[in-house]
Amino acid sequence: MKKYITKKMDVQHILDSASVLLLVQYSDLSSVEWRALRRKLLDFGCRAKVVQNRKTSKVLQETKYIHLGEALQGPTCFLYNSRSEEDSFDLKKLCKFLDEETKLTLIGGCIDDTLVSKEGVESISKLPKKHESYVQISLTIFYNFSWFSYFNRFCFYYFWIYNFFIKIKNKI
């Protein structure tokens, strides 16, 4: 019973603290390969946790990720990052690594508390990172604002010159 509580707390902690949680099936990995895999995953800014399907399904039944439990079949692990390490996490590189790795199969996952399929994870990985999006949005706003200010200045001078010539014409 104590082991179940410990496992429950581990899985619950991962679910609460992860901004990205991927469900991956693994096959035929030795302990040496697991160590190498964990080191490689740290380069991508994430960690791996091997889960027991029955115990994890019971934990998932008590959370909003109930439907994720249906995908727990065969040897399964979670690849996750914590919200505090979100800046170093690179989903694009991780998905590319998972495509190249023959012993790991991506099933799906949760990204920002939303369940996504394998295709959803791959399409989200193609999007720019959050900070890149913020930069693009701010540059777009700045560009539009600067264009708008030039347009306003142009209109001001145009109407000033137009009114100036109208006044001269009225005097003549």
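Up top is the structure.
To start, this report covers the structure provided alongside it.

What counts and what doesn't
- Residues numbered from 1 in each chain as written.
- Predicted model: local features only at pLDDT ≥ 70, side-chain atom pairs only at ≥ 80, totals over all residues.
- Heavy atoms only, no water.
- 1 Å grid on protein atoms, 1.4 Å probe; cavity = no way out; pocket = protein on both sides within 12 Å on 5 of 7 lines; lining within 4 Å.
- Points joined across faces, edges and corners; volume = space filled by probe spheres on them.
- Helix = DSSP H or I, 4+ residues; strand = E, 2+ residues; numbered from the N terminus.
- Nonpolar A, V, L, I, M, F, W, Y, C, P; charged D, E, K, R; others polar.
- Salt bridge = Lys/Arg side-chain N within 4 Å of Asp/Glu carboxyl O.
- Buried < 20%, exposed > 50% of the residue type's maximum accessible area, 1.4 Å probe, protein only.
- Axes fitted to C-alpha atoms, helices over the stretch in contact; angles between N-to-C directions.
- Parallel < 35°, antiparallel > 145°, perpendicular 65-115°, else oblique.
- Left-handed = near helix turned anticlockwise from the far one by under 90°.
- Contact = heavy atoms within 4.5 Å.

1. Digging into empty space enclosed by the protein
Under the criterion given, the structure shown has one cavity of 30 Å³ or more. Reported here for the largest cavity is a volume of approximately 50 Å³. Elements with a minimum of two residues in the lining of the largest cavity: helix 1 (2-17) and strand 1 (18-26). Sorting elements by how many residues they give to the lining of the largest cavity places strand 1 first, with four residues. When the residues that make up the lining of the largest cavity are grouped by side-chain class, the tally is seven nonpolar, one polar and one charged.

2. Focus: the pattern of salt bridges
Counted by the stated rule, this structure contains two salt bridges. The partner of K49 in a salt bridge is D10, and the shortest N-O contact between them spans 3.7 Å. Of this pair, K49 sits in strand 2 (residues 47-51) while D10 sits in helix 1, placing them 39 residues apart in sequence. Of the charged contacts, one joins K103 and E33 as a salt bridge, the two residues approaching to 2.8 Å between their closest N and O atoms. Here E33 lies in helix 2 (residues 31-43) and K103 lies in the loop between helix 4 (91-100) and strand 4 (104-111), a separation of 70 residues in the sequence. For K103, a relative accessible area of 23% corresponds to the partly exposed category. Judged by relative accessible area, which is 30%, E33 ranks as partly exposed.

3. Regarding the packing of helix 4 against helix 5 (residues 118-125)
Two numbers describe how helix 4 lies on helix 5: the axes approach to 8 Å, and their chain directions differ by 130°. Taken together, helix 4 and helix 5 sit at an angle that is classed as oblique. Both helix 4 and helix 5 take part in a crossing whose hand is left-handed. Contact residues: helix 4 offers L91, K92, C95 and D99, while helix 5 offers V121, E122, I124 and S125.

None of the figures reported here should be taken as evidence of function without further support.
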